[in-house]
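Architecture at a glance
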Amino acid sequence: MTQPAALIVDDEPDIRELLDMTLSRMGIETHAAADIASAHELLAAHEYQICLTDMRLPDGDGIDLVKHIQHNYPDTPTAVITAFGSMELAVSALKAGAFDFLSKPIDLQQLRTLIQSTLKLSTSTAQGMDRRSRDSLLGDSSQMKAIRGAIAKLARSQAPIYISGESGTGKELVARLIHDKGPRATQPFVPVNCGAVPQELMESEFFGHRKGSFTGAVGNKDGLFQAAHGGTLFLDEVADLSLAMQVKLLRAIQEKSIRPVGATQEQLIDVRILSATHKDLKTLVEAGGFREDLFYRLNVIELKVPPLRSRDNDIPGLTDHILAKLARRMDMPPPHIDGDALRALRGYPFPGNVRELENILERAMTLCEQDMIQLHDLQLPSVDTPVTELSHDMTLETYLQSIERDAINSVLTDTKGNKTAAAKQLGITFRALRYRLAKLGME
């Protein structure tokens with residue numbers, strides 16, 4: 001295997017020597033440049049697996065070098081070195097395409113971790129991502145092609161990504177794909193619903209705690225950051241974080257270190273942050289409900305997931321995929337769907353997006369006869385129903401389950417509780433009916 005090579009760009013001889021010694025001990029060949037002009041010459045003459053550049057150089061800005069490498073050598077990841085406290089510059093570099101950043105004074109352990117992550121990247125990993133993403137992020141619409149392309153690109157970075165979109169659009173799936181296609185794929189992916197963590201336990205849940213740090217702390221406990229070390233922490237519904245917790249999260253992201261509750265020392269963490277919410281964070285910032293500095297730190301790059309109603313051409317393919325998946329789960333052949341039913345699905349606004357489509361099809365499978373889903377089996381809610389009433393996850397789930405429960409109860413009443421006869425009348429197998437009854441708590 002060819003020895004990897006790194007380009008070091010810094011006008012301080014001491015920094016160049018420190019980086020050279022550290023990388024050489026990791027088996028990496030290094031070339032050094034004191035300015036951007038020299039860096040351009042070396043880049044033209046050699047192939048590098050990583051470039052480390054200072055932000056302040058005699059003949060220009062490190063961000064200009066990042067852009068030059070992005071344009072001319074897109075397979076060479078670049079990390080920038082910033083002065084302590086210069087987070088605005090670090091964020092600007094990430095937006096320009098930098099892989100990651102380091103702050104001065106350079107922490108050698110953080111440097112080694114960054115280098116190891118970078119070397120896991122390869123051109124072969126980047127190629128074919130779009131093809132493999134199709135298996136789990138379906139759709140041939142221009143929007144979904146663009147999303148898959150963005151995932152392939154963003155997976156190669158360590159920049160924080162803010163995934164925006166309505167409830168049910170698949171934001172966590174997008175986050176998982178960004179993780180799975182990147183250099184952290186073999187490390188943990190830790191999702192957390194920020195709205196589901198009790199406020200009084202939030203700091204302990206995120207950063208861990210030490211024995212005796214509070215009542216009930218009977219032992220040391222790692223938090224979510226420790227669990228995600230080396231991998232990705234996905235903060236779903238990040239808008240639900242308290243202002244006090246937002247301050248602590250901002251510090252952890254900027255310093256790349258945490259302090260467990262009750263601990264006296266900082267603990268270095270290597271975690272990529274992905275976040276999402278169905279709320280409008282910009283509006284929350286303006287209203288004072290979300291810190292502006294944290295918003296800009298999380299929202300280095302925004303990836304918008306489109307609502308299902310804006311890509312109705314994807315509905316037939318999604319429908320086939322979902323029905324096949326449900327059929328495997330129920331151990332039964334997948335049903336067909338007639339033309340009227342499919343046209344109705346394409347014309348329905350789907351306030352609950354892909355999650356609502358899954359629920360509608362699962363209910364229709366229970367109600368259809370002779371393995372054919374017809375229009376009346378879909379029991380689509382009226383399009384006049386207010387979107388705000390259906391867009392909340394729990395409201396939508398409860399609403400759909402209540403319709404399904406009523407339909408099954410009606411048939412069971414007709415058959416006087418005979419489940420075999422009820423399954424026959426519903427056009428499903430006895431096993432499928434048992435599955436539905438168990439899921440709905442009707443057993």
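Okay, so let's go over this structure. (Residues numbered from 1 in each chain as written. Predicted model: local features only at pLDDT ≥ 70, side-chain atom pairs only at ≥ 80, totals over all residues. Heavy atoms only, no water.)

**Some words on the overall build of the chain**
Basically, it comes down to this: Numbering of helices and strands starts at the N terminus; helices are DSSP runs of H or I of at least 4 residues and strands are runs of E of at least 2. Whether two residues are in contact is decided by their heavy atoms: any pair within 4.5 Å suffices. Method for areas: the Shrake-Rupley scheme with a 1.4 Å probe, in which residue coverage is limited to the protein chains shown. When charges are counted, neither His nor the chain ends are considered; positive counts come from Lys and Arg and negative counts from Asp and Glu. Every charge is mapped to an atom, namely NZ of Lys, CZ of Arg, CG of Asp or CD of Glu.
Looking only at helices and strands, one finds 22 helices and 16 strands in the chain. Pairs at least 24 residues apart make up 70% of the contacts formed inside the chain by residues separated by at least 6 positions. If you sum the accessible surface of the chain, you get close to 20,500 Å²; carbon and sulfur atoms cover 50% of it. Across the chain, the centroid of the 49 positively charged side chains sits 5 Å from that of the 59 negatively charged ones.

**Focus on the packing of aromatic side chains**
Counted only if it meets this: Aromatic rings from Phe, Tyr and Trp, taking only the six-membered ring of Trp, are treated as a pair when their centres fall within 6.5 Å; an angle between ring planes under 30 degrees marks them as stacked, one over 60 as edge-to-face, and anything in between as tilted. Ring-over charges, as used throughout, are those where CZ of Arg or NZ of Lys falls within 6 Å of the ring centre and within 35 degrees of the ring normal.
All told, the structure shown has seven aromatic pairs when counted by the stated rule. Here Phe189 and Phe234 contribute two aromatic rings whose centre-to-centre distance is 6.1 Å and whose plane-to-plane angle is 20 degrees, an arrangement assigned as stacked. Of the two residues, Phe189 sits in strand E9 (residues 189–193) while Phe234 sits in strand E10 (residues 232–236), which places them 45 residues apart along the sequence. Through a chain of ring-to-ring contacts, three or more aromatic side chains come together here, namely Tyr162, Phe295 and Tyr296. Positioned above the aromatic ring of Phe101, the side-chain terminus of Lys256 is 4.2 Å from the ring centre.

**Things to note about the packing of helix H1 (residues 13–25) against helix H5 (residues 108–119)**
For any two helices packed against each other, the geometry comes down to the angle between their axes and how far apart the axes lie. The test is simple: All axes here are fitted lines through C-alpha atoms, helices being fitted over the stretch that makes contact, and every angle between N-to-C directions spans 0 to 180 degrees. Angle categories: roughly parallel below 35 degrees, roughly antiparallel above 145, roughly perpendicular from 65 to 115, and oblique for all the rest. Two helices cross in a left-handed way if the nearer one is turned anticlockwise from the farther one by less than a right angle. They cross in a right-handed way if the turn is clockwise. Gly falls in the polar group here, along with every residue not listed as nonpolar (Ala, Val, Leu, Ile, Met, Phe, Trp, Tyr, Cys, Pro) or charged (Asp, Glu, Lys, Arg).
Where H1 contacts H5, the two axes come as close as 11 Å, and the packing angle between them is 55 degrees. By the angle between their axes, H1 is oblique relative to H5. The crossing of H1 and H5 is right-handed. Each of Leu18, Leu19, Thr22 and Leu23 in H1 lies in contact with H5, whose residues at this interface are Leu108, Leu111, Arg112 and Ile115. Here the contact of H1 with H5 is composed, by residue class, of six nonpolar, one polar and one charged.

**Re the sheet that holds strand E6 (residues 78–82)**
Where we set the bar: Should DSSP find at least two bridges between two strands, the strands are regarded as paired.
The five strands are arranged E2-E1-E3-E6-E7 in an open sheet whose pairing can be described as parallel. The open sheet has two edge strands, strand E2 (29–33) and strand E7 (100–103), and neither has a second partner. With direction set aside, neighbouring strand axes in the sheet form an average angle of 20 degrees. In this structure, strand E3 (residues 50–54) lies alongside E6, joined through four bridges in parallel fashion. Considered in E6, the bridge of Thr53 is made with Val80. Along the sheet face, H1 touches strand E1 (5–9), E2, E3 and E6 and points at about 165 degrees away from the line of E2.

**Some thoughts on the sheet that holds strand E8 (residues 161–164)**
If you trace the five strands from one edge of the open sheet to the other, you get E9-E10-E13-E8-E14, paired in parallel fashion. With one partner strand each, in any of the chains shown, E9 and strand E14 (301–304) form the two edges of the open sheet. Between one strand axis and the next, the sheet turns through 20 degrees on average, direction left out of account. Bridge count between E10 and strand E13 (residues 272–277): five bridges; the pairing is parallel. Residue pairing across strands places Phe234 opposite Leu274, the latter belonging to E13.

**Remarks on the pattern of salt bridges**
For clarity, the threshold we go by: Here, a salt bridge means any Lys or Arg side-chain nitrogen found within 4 Å of an Asp or Glu carboxyl oxygen. Each residue is assigned to one of three classes by its accessible area relative to the maximum for its type, calculated with a 1.4 Å probe on protein chains only: buried under 20%, partly exposed between the two thresholds, exposed over 50%.
Summed over all chains, the structure comprises 16 salt bridges. The salt bridge involving Asp100 is made with Lys256; its shortest N-O contact spans 3.2 Å. You can see Asp100 sitting in strand E7 and its partner Lys256 sitting in the loop between helix H12 (243–255) and strand E11 (257–258), a full 156 residues away along the chain. Exposure remark for Asp100: the relative accessible area of 10% places this residue in the buried category. The salt bridge involving Arg291 is made with Asp293; its shortest N-O contact spans 2.7 Å.

**Some points on empty space enclosed by the protein**
Rules: Think of a 1 Å grid over just the protein atoms. A cavity is a set of points where a 1.4 Å probe fits yet cannot get out, a pocket is an open set with protein on both sides within 12 Å along at least five of seven lines, and lining residues have an atom within 4 Å of a point. Grid points are joined across faces, edges and corners, and a volume is the space filled by probe spheres set on the points.
Per the stated rule, a full pass over the model turns up two cavities of 30 Å³ or more. One number sums up the size of the second largest cavity: a volume of about 40 Å³. Lining the second largest cavity are Ala155, Gln158, Ile178, His179, Gly182, Pro183, Arg184, Thr232 and Arg272. Here the lining of the second largest cavity is built from residues that sort into three nonpolar, four polar and two charged.

**A short note on helix H15 (residues 315–330)**
Selection criterion: In a helix, the anticipated span is given by 1.5 Å times the number of residues less one. It is the directions from the helix axis to the C-beta atoms whose arc is reported.
Helix length check: H15, at 16 residues, gives a terminal C-alpha distance of 22 Å against a target of 22 Å (1.5 Å per residue), a fit within 8%. Those residues of H15 not exposed but buried are Ile315, Leu318, Thr319, Ile322, Leu323, Leu326, Ala327 and Met330. Seen along its axis, H15 keeps its buried residues to an arc of 160 degrees; they face one direction. Those residues of H15 that are exposed and angled more than 90 degrees off the buried face are Asp320 and Arg328. Asp331 lies just past H15 and shows a positive phi near 55 degrees.

**Quick word on the environment of Thr113**
Inspection of the secondary structure assignment puts Thr113 in helix H5. Exposure remark for Thr113: the relative accessible area of 17% places this residue in the buried category. In this structure, the C-alpha to C-alpha distance between Thr113 and Ala422, residues 309 residues apart in sequence, is 60 Å.

**Details of the pairing of E10**
Of all five residues in E10, five are buried; the element is thus mostly enclosed. On E10, burial covers both faces: Thr232, Phe234 and Asp236 on one face and Leu233 and Leu235 on the other are all buried. Relative to E10, E9 is paired through five bridges, and the arrangement is parallel. When the sheet's bridge partners are listed, Val190 is paired in E10 with Leu233.

**Looking at the packing of H15 against helix H16 (residues 339–347)**
Between H15 and H16, the shortest axis-to-axis distance is 10 Å and the interhelical angle comes to 115 degrees. Read as a crossing pair, H15 and H16 show a hand that is right-handed. Contact residues: H15 offers Ile315, Pro316 and Thr319, while H16 offers Leu342, Leu345 and Arg346. A per-class count over the contact of H15 with H16 returns four nonpolar, one polar and one charged.

By themselves, these observations are geometric and do not establish any function.
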